[in-house]
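Okay, here's what each chain looks like letter by letter:
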Amino acid sequence: MGNKELSKKQYLILASLLFGLFFGAGNLIFPIHLGQLAGKAWFFAAIGFLLSAILMPLLSLLAISLTKSNSMYDLALPAGKFFSLFFLILTHLSLGLLIAAPRTATVTFSLGVQPFLPQSWEKMGLLIFSFLFFGAVFLLAYKQSQITKYVGKLLNPLFVVLLAFIFLIAFLIKGDLQGIALGTTNKAPELINGFLQGYNTMDALAGLGFGVTIISALKLFGVKESKARARAVAKVGVITMGFEAIIYIFLITLGAASLSYTKLSSEGGTAFSEIMKHYTGMAGAALLAALTLLACLTTAIGLITSLSQDWGHRFPKLGYHFFLSGATLGSFMISNFGLTQIILYSSPILSFLYPLAIALIILGLLQPYIGKEKLIYKATILLTLIPAILDLIHNLPAPFLKLQFLHTIDIWASAHIPLYAVGLDFLPFMILGFFCGILLLRMTKGARTVAPDNESQP
């Protein structure tokens, strides 16, 4: 069958699908908490946040598109089959099993159900809720052909309507936007903090994972040719992330404005609850529960679907439904450890994965200039692994850092590794690795051209 050009309506449906997959409860609560933390310096924090939570996910989609990859495995393949399989498995484990997917259920429970339960019922309540939640995810994700319909056409539009209602009350009816000051101090620290806070959304990693879901949807829409799919992915990504950027700015300003009527909260979930009470009273709890459920349900479907599609493609004898069942069951079990434990152990894993993901995204974007040269890929990834491992150690929970060996490494890195203290130490290593790869490539090509001349000498 020939290639089909998408209509404007189909682009909007796919953009709605992608937005629904990306935008979970973490995307609601982290920018609100960042706005509270930044206060008057919210604008600079927002810039940093948008760099890691909007620009990097968009670049990840563009990298998948530009390299005509079917998945993150294809994107990482020039760095070696072992590394690409390792990165594929670890990233999807984080997104669809260990952190992000279980977090969707626990955040929904914490914000929408737990406030109505006695404390003695919390564990049993989480068990029952997470079972129903992941049961719904499994049923909605079972038929791959229906995912676009459920998320793009139904769940996500409902979520956007509810979110728009909150912004309407806050900024137009209450006029709280007028009281937000634009501070001019602490620009660099707030910008860096905003960038690192954007890691928590996991969207740069999710962009690599959701690429396969969008490509599958495009195939169902009749877009068969790889170049046409690449252009479509790029267009859908720009529409989605542009809309998401606007929402993030509103959420960050909502958090900053909330300091005029509430105190700084310990985390974004509590802050959002207080904001909803301020604007809608008792009805706010029900509205927040509905908003969180829609956000988390769509994201959980996307995370578990992309894992099942990617792993099902890589291990076809097991297939999509085998991994769908396993990921759903695993996420259900891990979610019952509770939100606090999930967040506690997510930071070191994200600190390890993000530098590698950023390196792969940049290499993918540079592929028109550097091709798929294995020396450049391997040198860049190898040197980026060093700060990635160090950042993992630095962000381990306190009991691990009490071990003398790990504590010594952390102290040494703090004293000797540039930008280690602010979490950007991967940048000089990544750049150094890239140029080392280019140098090795030129030396290797030079040796190849010299060798025949030497052999021809009498």
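Calculation criteria
Residues take numbers from 1 onward in each chain, read along the sequence in its written order. Confidence filtering applies because this is a predicted model: local features only for residues at pLDDT of at least 70, side-chain atom pairs given and counted only at 80 or more, and all residues used for totals across whole chains, interfaces and linings. Excluded from the side-chain calculations are hydrogens and water; all other atoms, namely the structure's heavy atoms, are used. In this description a helix means any DSSP run of H or I spanning at least four residues, a strand means any run of E spanning at least two, and both kinds are numbered starting from the N terminus. For every residue, the accessible area (1.4 Å probe, protein chains only) is compared with the maximum for its type, and the residue is labelled buried under 20%, exposed over 50%, or partly exposed between those bounds. All accessible-area figures derive from a Shrake-Rupley calculation using a 1.4 Å probe, and residue coverage is judged against the displayed protein chains alone. Polar contacts, as counted here, are pairs of nitrogen or oxygen atoms within 3.5 Å of one another; within protein the pair requires one atom able to donate a hydrogen and one able to accept it, and residues that are adjacent in sequence qualify only if both atoms are side-chain atoms. A contact between two residues is defined here by any heavy atoms of the two lying within 4.5 Å. Here, the term nonpolar core denotes a set of buried Ala, Val, Leu, Ile, Met, Phe, Trp, Tyr and Cys residues that are joined through side-chain atoms within 4.5 Å. Residues form patches when they are more than 30% accessible in relative terms and have no salt bridge. Like charges link within 9 Å. Nonpolar side chains (Val, Leu, Ile, Met, Phe, Trp, Tyr) link within 5 Å. By definition here, a salt bridge exists when the distance from a side-chain nitrogen of Lys or Arg to a carboxyl oxygen of Asp or Glu is within 4 Å. Think of it this way: Lys and Arg go in the positive column, Asp and Glu in the negative one, and His and the chain ends go nowhere. By convention, the charge on Lys lies at NZ, on Arg at CZ, on Asp at CG and on Glu at CD.

1. With respect to the overall build of the protein chain
Inference 1: Helix and strand counts for the protein chain come out as 20 helices and zero strands.
Inference 2: Counting every position in the protein chain, which comprises 458 residues, the buried fraction comes to 55%.
Inference 3: Surface exposure of the protein chain reaches about 20400 Å², of which carbon and sulfur atoms provide 70%.

2. Let's talk about the side chain of Ser-52
Inference 1: In this fold, Ser-52 is placed in helix α3 (residues 42-66).
Inference 2: Residue Ser-52 is classed as buried on the basis of its relative accessible area of 0%.
Inference 3: Only 2.6 Å separates the side chain of Ser-52 from the backbone oxygen of Phe-195, close enough to count as a polar contact.
Inference 4: Contact partners of Ser-52, with chain neighbours within four places excluded, come to Pro-57, Gly-194, Phe-195, Gly-198 and Tyr-199.

3. Digging into the nonpolar core
Inference 1: One finds Leu-28, Phe-87, Phe-133, Phe-159, Leu-251, Leu-254 and Phe-272 to be the most contacted residues of the largest nonpolar core, which totals 131 residues.
Inference 2: If sequence neighbours within four positions are ignored, Leu-254 has contacts with Ile-32, Ile-166, Phe-167, Ala-170, Phe-171, Ile-275 and Tyr-279.

4. A closer look at a positive patch on the surface
Inference 1: Together, Lys-68, Lys-227, Arg-231 and Lys-235 make up a region of like positive charge exposed at the surface.
Inference 2: Structurally, Lys-227 is set in helix α11 (residues 226-257).

5. Here we look at the pattern of salt bridges
Inference 1: All chains considered together, the criterion is met by one salt bridge.
Inference 2: A salt bridge links Glu-373 to Lys-445; the nearest nitrogen and oxygen atoms lie 3.8 Å apart. Of this pair, Glu-373 sits in the loop between α16 (367-370) and α17 (374-394) while Lys-445 sits in helix α20 (residues 426-456); the two residues are 72 residues apart in sequence, bridging distant segments of the chain.
Inference 3: A residue is classified by how much of its surface remains accessible, and Glu-373, at 26% relative accessible area, is partly exposed.

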